[in-house]
Amino acid sequence: MTIETLSQARAHGGTQGVYRHASTATGTPMTFAVFVPEHAPGARLPVLWYLSGLTCTHANVMDKGEYRAACARHGVILVAPDTSPRGDDVPDDEGYDFGKGAGFYVDATQEPWARHFQMRSYVEDELPALIGEHFPADMDRQGITGHSMGGHGALTIALRNPGRFRSVSAFAPIVAPGAVPWGEKALGGYLGDDRATWREYDAVALIEDGARLPGMLVDQGMADQFLVEQLRPHLLAEACEAAGIPAEIRLHEGYDHSYNFISTFMADHVAWHAERLKA
């Protein structure tokens, strides 16, 4: 697998790069960002995946996430994929919450989406193989986090792949997409009307069906405009309590859904992951 370097820049002693490759999963070029801290020759570093939310690309967290200083301090690689396939031949929807920029980290089964919208396969299989081949990544030490739709992605990917991730966290995740408007639109459109097929893309449903994690960290702003209708973190708290999953769900007064919120707690999350990735 080959990659094209679009840009590289020094930051906090390490290298922030943006790369592109031809994806077999999506059938399109895919762009992703990787920050590699300064490290000794031959060293392999733990990897933290960051999955972005609706309308975002790799660039949002690069520009506003404020993760590089923390990743450099703790010696952690951060990988930020795109949120969907892109290109003139890729189908789209007029709404911001479906189509380009809104892949929901699923493998679509419905037309016209099935040809390109294979983001589950891309993030779970294809991109990790690429990262392991081209970067000094220790793929036995992986953590995953994400925001909103990306928080949904982080939780569900970790729950479906027990043992792959030593640490799991999220910022304002969509915890039960099968029960909220964003998720009903996305899962119905990509997967069809059979709600049983939605459950493997729903963190609360996965936990109810027996999936387990050793623990998780979730931060949620209480001034988030999507809190009540779309995010509903109490459903995750209830599912984790019933399943005996240790879950630290922190609620923060005054914080909204934006990168003002994410950047405030990003260093906490990087440190939390680093502690578990280095154990």
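Residues numbered from 1 in each chain as written. Predicted model: local features only at pLDDT ≥ 70, side-chain atom pairs only at ≥ 80, totals over all residues. Heavy atoms only, no water.

## Some remarks on the pattern of salt bridges
Stage number 1. Counted by the stated rule, this structure contains 14 salt bridges.
Stage number 2. One salt bridge connects Glu4 with Arg20, and the closest N-O pair in it is separated by 3.1 Å. Of this pair, Glu4 sits in strand E1 (residues 4–11) while Arg20 sits in strand E2 (residues 14–22), and the two are 16 residues apart along the sequence.
Stage number 3. Looking at Arg20, the relative accessible area reads 30%, which means it is partly exposed.
Stage number 4. For Lys185, the salt bridge is made with Asp97, and the minimal N-O distance between the two is 2.8 Å. (Salt bridge = Lys/Arg side-chain N within 4 Å of Asp/Glu carboxyl O. Helix = DSSP H or I, 4+ residues; strand = E, 2+ residues; numbered from the N terminus. Buried < 20%, exposed > 50% of the residue type's maximum accessible area, 1.4 Å probe, protein only.)

## Brief notes about unusual backbone geometry
Stage number 1. In this model, Glu111 is joined to Pro112 through a cis peptide bond whose omega is 0°.
Stage number 2. If you check the backbone angles, Ser148 has positive phi at about 60° while not being a glycine.
Stage number 3. As for its placement among the helices and strands, Ser148 is situated in the loop between strand E6 (137–146) and helix H4 (149–160).
Stage number 4. In this structure, Arg232 is a non-glycine residue whose phi angle is positive, near 50°.
Stage number 5. One can find Arg232 in the loop between helix H7 (227–231) and helix H8 (233–243).

## A closer look at the sheet that holds E2
Adjacent strands of a sheet form backbone hydrogen bonds with each other and so pair up, either parallel or antiparallel.
Stage number 1. Ordered in space as E1-E2-E3-E5-E4-E6-E7-E8-E9, the nine strands form an open sheet in which the pairing is mixed. In this open sheet, the two strands that pair with only one neighbour each are E1 and strand E9 (247–252). Neighbour to neighbour, the strand axes of the sheet diverge by 20° on average, direction disregarded.
Stage number 2. Bridge count between strand E4 (residues 45–51) and E6: six bridges; the pairing is parallel. (Pairing = 2+ DSSP bridges. Axes fitted to C-alpha atoms, helices over the stretch in contact; angles between N-to-C directions.)

## Some thoughts on the side chain of Asp224
Stage number 1. Looking at the secondary structure, you find Asp224 in the loop between strand E8 (216–221) and H7.
Stage number 2. Apart from the residues lying within four places of it in its own chain, the contact partners of Asp224 are Ala172, Leu231, Tyr255, Asp256 and His257. (Contact = heavy atoms within 4.5 Å.)

## Topic: the layout of surface pockets
Stage number 1. Put simply, the largest pocket is a space of about 180 Å³.
Stage number 2. Around the largest pocket, the lining is made up of 14 residues, and of these Leu54, Thr55, Cys56, His147 and His257 lie nearest the centre.
Stage number 3. Of the residues in the lining of the largest pocket, the class split is six nonpolar, seven polar and one charged. (1 Å grid on protein atoms, 1.4 Å probe; cavity = no way out; pocket = protein on both sides within 12 Å on 5 of 7 lines; lining within 4 Å. Points joined across faces, edges and corners; volume = space filled by probe spheres on them. Nonpolar A, V, L, I, M, F, W, Y, C, P; charged D, E, K, R; others polar.)

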